[in-house]
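Spelled out, the chains give:
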Amino acid sequence: MTESLRPLIAGNWKMNGSRATTRDLLTALRASLRDSGPAPCDIVVCPPAPHLALAAMETEAVSGIQLGGQDCHTATSGAHTGDVSAAMLVDLGCAYVIVGHSERRADHGEDSATVKAKGQAAIAAGLTAIVCVGETLGERDAGRAVDVVGAQVEASLPGGANAGNTVIAYEPVWAIGTGRTPTGAEIGEIHACVRARLLGRLEDGDRVPILYGGSVKPENAAAILSVPDVNGALVGGASLDAGDFWSICQSCP
Ligand code: 13P
């Protein structure tokens, strides 16, 4: 049903790097695109907020690399020290923003209602929201992964979501940064459940991309990206190595 969706590979750099590594990574990515592009996928990189302006300069006039923020506030502006608004991300040249990453849910106590509000703020500003969901190891071991992720999708889906402004990223918490990944069958089961929820909620739910994230590497990317209803990947650690990230991009079917 979603065979025709163009894959999306997004790199979440998290709280890593410097101005120098940002420049180096994007220089290398530009060279890969020039030498062996165009990529078989859309590519998004999400540097830390302080490096977004530099990243925007480094990717200006480069077709094939888009920018994303790692979080945004629910409000458009105001007294929110340390926070970043969706409009600021747009102003910097971002097209995407990640909301509801499990690290934000855990570190900052963000619940699905907050994630939904952030997604709505992102969409209202003109961004595509990458809405993250995923179960903990305890929830998986208790046989509750499908129910937990389904409930997170229902509660986190922004009002006004459609295939043009929303992406879902399934990231099992226990697979993030651990080198452990679910089996293809386990990923497929969750993605099918997410797809069913999207179809139940949205007219174009068949066209909302569903990414997998959690220890995606060059070695496992092709297998993961060939699972039905996996429309791309949200890559953490491996996105900090330009060669590995490019190799994952090249693994898209
Ligand atoms: P890793 O690829 O390092 O496991 O991180 C995944 C992730 O959290 C991307 O958002």
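Preceding this section is the structure that the text describes.
## Regarding the site of the ligand
- If you check the shell around the ligand, you find Asn12, Lys14, His101, Glu171, Ala175, Ile176, Gly177, Gly214, Ser215, Leu234, Gly236 and Gly237 and nothing else.
- One nitrogen or oxygen atom from the side chain of His101 is found 2.8 Å from an oxygen atom belonging to the ligand.
- In the complex, the protein chains occlude 97% of the 310 Å² of accessible area that the ligand would expose alone.
- Its residues assigned to classes, the shell around the ligand shows three nonpolar, seven polar and two charged.

## Focus: the pairing of strand β2 (residues 42-46)
- Where burial is concerned, most of β2 is hidden: four out of the five residues are buried.
- Note: strand β1 (residues 8-12) against β2, five bridges, orientation parallel. When the sheet's bridge partners are listed, Asn12 is paired in β2 with Cys46.
- What joins β1 to β2 is helix α1 (residues 19-36), and the crossover it makes is right-handed.

## A word on the sheet that holds β2
- With parallel pairing, eight strands are arranged side by side around a closed barrel as β1-β2-β3-β4-β5-β6-β7-β8. Each neighbouring strand pair of the sheet contributes to a mean axis angle of 25 degrees, computed without reference to strand direction.
- Strand direction decides the pairing type here: β2 and strand β3 (residues 66-69), joined by two bridges, are parallel. Paired with Val44 across the bridge in β3 is Gln66.
- Along the sheet, helix α2 (residues 52-59) makes contact with β3 and β4 (94-99), crossing β3 at roughly 170 degrees.

Each value, and the rule that gives it
- Residues numbered from 1 in each chain as written.
- Predicted model: local features only at pLDDT ≥ 70, side-chain atom pairs only at ≥ 80, totals over all residues.
- Heavy atoms only, no water.
- Near = heavy atom within 4 Å.
- Polar contact = N/O pair within 3.5 Å; in protein donor to acceptor, adjacent residues only side chain to side chain.
- Areas by Shrake-Rupley, 256 points an atom, 1.4 Å probe, with all protein chains shown as cover.
- Nonpolar A, V, L, I, M, F, W, Y, C, P; charged D, E, K, R; others polar.
- Buried < 20%, exposed > 50% of the residue type's maximum accessible area, 1.4 Å probe, protein only.
- Helix = DSSP H or I, 4+ residues; strand = E, 2+ residues; numbered from the N terminus.
- Pairing = 2+ DSSP bridges.
- Right-handed = clockwise from strand over helix to strand, strands pointing away.
- Axes fitted to C-alpha atoms, helices over the stretch in contact; angles between N-to-C directions.
- Contact = heavy atoms within 4.5 Å.

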